[in-house]
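Residues per chain, in single letters:
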Amino acid sequence: MILPGAVLGVLGGGQLGRMFTVRAREMGYRVIVLDPDHGSPAGAIADHHIAAQYDDAIALEEMATKCAAITTEFENVPADVLARLAERVPVRPGPEAVAIAQDRIAEKTYLLREGFPTTPFQVVRSPDELARAWDAVGSPALLKTARLGYDGKGQAPVTDRESLTDAFAQFRGASCVLERRLDLEAELSVVLARGVDGELACFPPIENVHVDGILYTSTVPARVTTALTDQARDLAMSLAARLEYVGVMAVEKFLNNSFAA
Ligand SMILES: Nc1ncnc2c1ncn2[C@@H]1O[C@H](COP(=O)(O)OP(=O)(O)OP(=O)(O)O)[C@@H](O)[C@H]1O
Ligand SMILES: [Mg+2]
């Protein structure tokens, strides 16, 4: 058990890292934030802010020697850095889960392999694959960069071959997935926490409305049937268990007529 007074490390100093830091310090922990941004919101209130790149060897050495445990505020820190830290300090969530969550190709491939529903998609890494993906997925579709997308960034709606080629060019050849664009009846998300011992706790499923790919409203409890909220919760919890996830995680679920993805 890591008791108050111990030092916790967090990679990423944005608003989520700041919320973590506030709560951890209230509980009596000390917090070191690693974030290259000198003005990062979490760094400003941490006990110590290391302003360096996430793969900076000296910074990582300091984190590994001073921290009793290390976490990350978001999925976009290099997973191999977490893996290196995990050889010396407990890192939660684990590097394997972060590596899957930070790459749509890895994420969707994992979901398919493990039998979880996901929107029909094809991997696109080259113009050849783009053409084949278009034939397989059909229109309308969404081209999404595999990495670093959020708030609809790194996504382009495509309706014909011309918009498809333009979108891939706009992403400068970055690896992508081409996804069927579904008519969504609702979107749910489930926020849960899973402990080292496998114990799961789950908030009631949230109903989300997005406008232009950006979250616009969240409603709790979700205005869908209990059967659907139960299904969303069970799915999220079994995914967390399968990933052996430790920490807090959100799982998003699309609902449409034909199936839930
Ligand atoms: N295949 C799709 N069909 C219909 N709408 C979609 C589809 N994919 C994405 N959207 C809409 O765009 C929003 C953002 O997409 P998505 O959740 O894939 O990306 P993100 O939130 O940027 O990244 P993350 O993977 O971290 O959630 C969705 O919540 C949904 O409203
Ligand atoms: Mg999303």
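These figures come from a predicted structure and were not determined experimentally. (Residues numbered from 1 in each chain as written. Chains lettered and ligands numbered in written order. Predicted model: local features only at pLDDT ≥ 70, side-chain atom pairs only at ≥ 80, totals over all residues. Heavy atoms only, no water.)

## Some words on the site of ligand 1
Working step 1: Neighbouring residues of ligand 1: 20 residues in total, closest Lys-144, Glu-179, Arg-180, Glu-187 and Glu-252.
Working step 2: The contact in question runs from an oxygen atom of ligand 1 to an N or O atom on the side chain of Lys-144, over 2.6 Å.
Working step 3: In the model, an oxygen atom of ligand 1 is placed 3.2 Å from a nitrogen or oxygen of the His-210 side chain.
Working step 4: Sorting the residues of the shell around ligand 1 by element identifies strand S6 (141–145), strand S8 (176–180) and strand S13 (247–255) as the ones contributing at least two each.
Working step 5: Classifying every residue of the shell around ligand 1 gives five nonpolar, six polar and nine charged.
Working step 6: Counting residues domain by domain, the shell around ligand 1 receives three or more from each of domain 2 (118–180) and domain 3 (183–255). (Near = heavy atom within 4 Å. Polar contact = N/O pair within 3.5 Å; in protein donor to acceptor, adjacent residues only side chain to side chain. Helix = DSSP H or I, 4+ residues; strand = E, 2+ residues; numbered from the N terminus. Nonpolar A, V, L, I, M, F, W, Y, C, P; charged D, E, K, R; others polar. Domains from an automatic or database assignment.)

## Considerations on a nonpolar patch on the surface
Working step 1: Together, Val-209, Val-211 and Tyr-216 make up an exposed nonpolar region whose accessible area comes to about 290 Å².
Working step 2: Following the sequence through the fold, Val-211 ends up in strand S11 (residues 206–211). (Patch = residues over 30% accessible without salt bridge, like charges linked within 9 Å, V, L, I, M, F, W, Y side chains within 5 Å. Areas by Shrake-Rupley, 256 points an atom, 1.4 Å probe, with all protein chains shown as cover. Salt bridge = Lys/Arg side-chain N within 4 Å of Asp/Glu carboxyl O.)

## Here's the deal with helix H1 (residues 15–26)
Working step 1: End to end, H1 covers 17 Å across twelve residues, agreeing with the expected 16 Å (1.5 Å per residue, within 8%).
Working step 2: Of all the positions in H1, only Gly-17, Thr-21 and Ala-24 are classed as buried. Along the axis of H1, the buried residues cluster in a sector spanning 70°; they form a single face. For H1, the exposed residues lying more than 90 degrees away from the buried face are Gln-15, Met-19 and Glu-26.
Working step 3: Lining the buried residues of H1 we find strand S1 (7–11) and strand S2 (30–34).
Working step 4: Directly beyond the C-terminal end of H1, a positive phi value near 105° is found at Gly-28. (Expected span 1.5 Å × (residues − 1). Buried < 20%, exposed > 50% of the residue type's maximum accessible area, 1.4 Å probe, protein only. Arc of directions from axis to C-beta. Contact = heavy atoms within 4.5 Å.)

## Looking at the coordination of the magnesium ion (ligand 2)
Working step 1: All of the protein donors around the magnesium ion (ligand 2) are Glu-252 (OE) and Glu-252 (OE); their distances to the metal are 2.2 to 2.6 Å.
Working step 2: Inspection of the secondary structure assignment puts Glu-252 in strand S13. (Donors = N, O, S within 2.8 Å, 3.2 Å for Na, K, Ca; no water.)

## A few points about the sheet that holds S8
Working step 1: If you trace the four strands from one edge of the open sheet to the other, you get S5-S8-S6-S7, paired in antiparallel fashion. The open sheet terminates on both sides in strands that have one partner only, identified here as strand S5 (121–124) and strand S7 (155–158). Pairwise comparison of adjacent strand axes, ignoring direction, gives a mean angle of 20° for this sheet.
Working step 2: As paired elements, S6 and S8 share five bridges and run antiparallel to each other. For Thr-145, the partnering residue across the bridge sits in S8 and is Cys-176.
Working step 3: The sheet strands contacting helix H5 (residues 104–113) are S5, S6, S7 and S8, and the helix crosses S8 at an angle near 55°.
Working step 4: Against the sheet, helix H6 (residues 127–137) touches S5, S6, S7 and S8, its axis set at about 175° to S5. (Pairing = 2+ DSSP bridges. Axes fitted to C-alpha atoms, helices over the stretch in contact; angles between N-to-C directions.)

## What about the environment of Leu-16?
Working step 1: The residue Leu-16 is located in helix H1 in this model.
Working step 2: Along the chain, Leu-16 and Met-1 lie 15 residues apart, while their C-alpha atoms are 24 Å from each other.

## Observations regarding the domain arrangement of the chain
Working step 1: Taken domain by domain, the chain consists of domain 1 (7–92), domain 2 (118–180) and domain 3 (183–255).
Working step 2: Here the C-alpha centre of domain 2 lies 34 Å away from the C-alpha centre of domain 1.

## Some points on the sheet that holds strand S4 (residues 69–72)
Working step 1: Across the sheet, four strands lie side by side as S3-S2-S1-S4; this open sheet has parallel pairing. Either end of the sheet is taken by a strand with one partner, and the two such strands are strand S3 (48–50) and S4. The average undirected angle you get between the axes of adjacent strands in this sheet is 25°.
Working step 2: The strands that helix H2 (residues 57–66) touches are S1, S2, S3 and S4; relative to S2, the one it contacts most, it runs at about 160°.

## Here's the deal with the pattern of salt bridges
Working step 1: For the coordinates displayed, the defined rule picks out 13 salt bridges.
Working step 2: A salt bridge links Asp-103 to Arg-147; its shortest N-O distance comes to 3.4 Å. Within this pair, whereas Asp-103 is found in the loop between helix H4 (95–101) and H5, its partner Arg-147 is found in the loop between S6 and S7, the two being separated by 44 residues in sequence.
Working step 3: Overall, the relative accessible area of 44% leaves Arg-147 in the partly exposed class.
Working step 4: Residue Lys-144 pairs with Glu-179 through a salt bridge whose shortest N-O separation is 3.0 Å. You can see Lys-144 sitting in strand S6 and its partner Glu-179 sitting in strand S8, a full 35 residues away along the chain. Comparing Lys-144 with Glu-179 shows no difference in burial state: the two are buried.
Working step 5: In this structure, a network of salt bridges that share partners links the residues Lys-108, Lys-144 and Glu-179.

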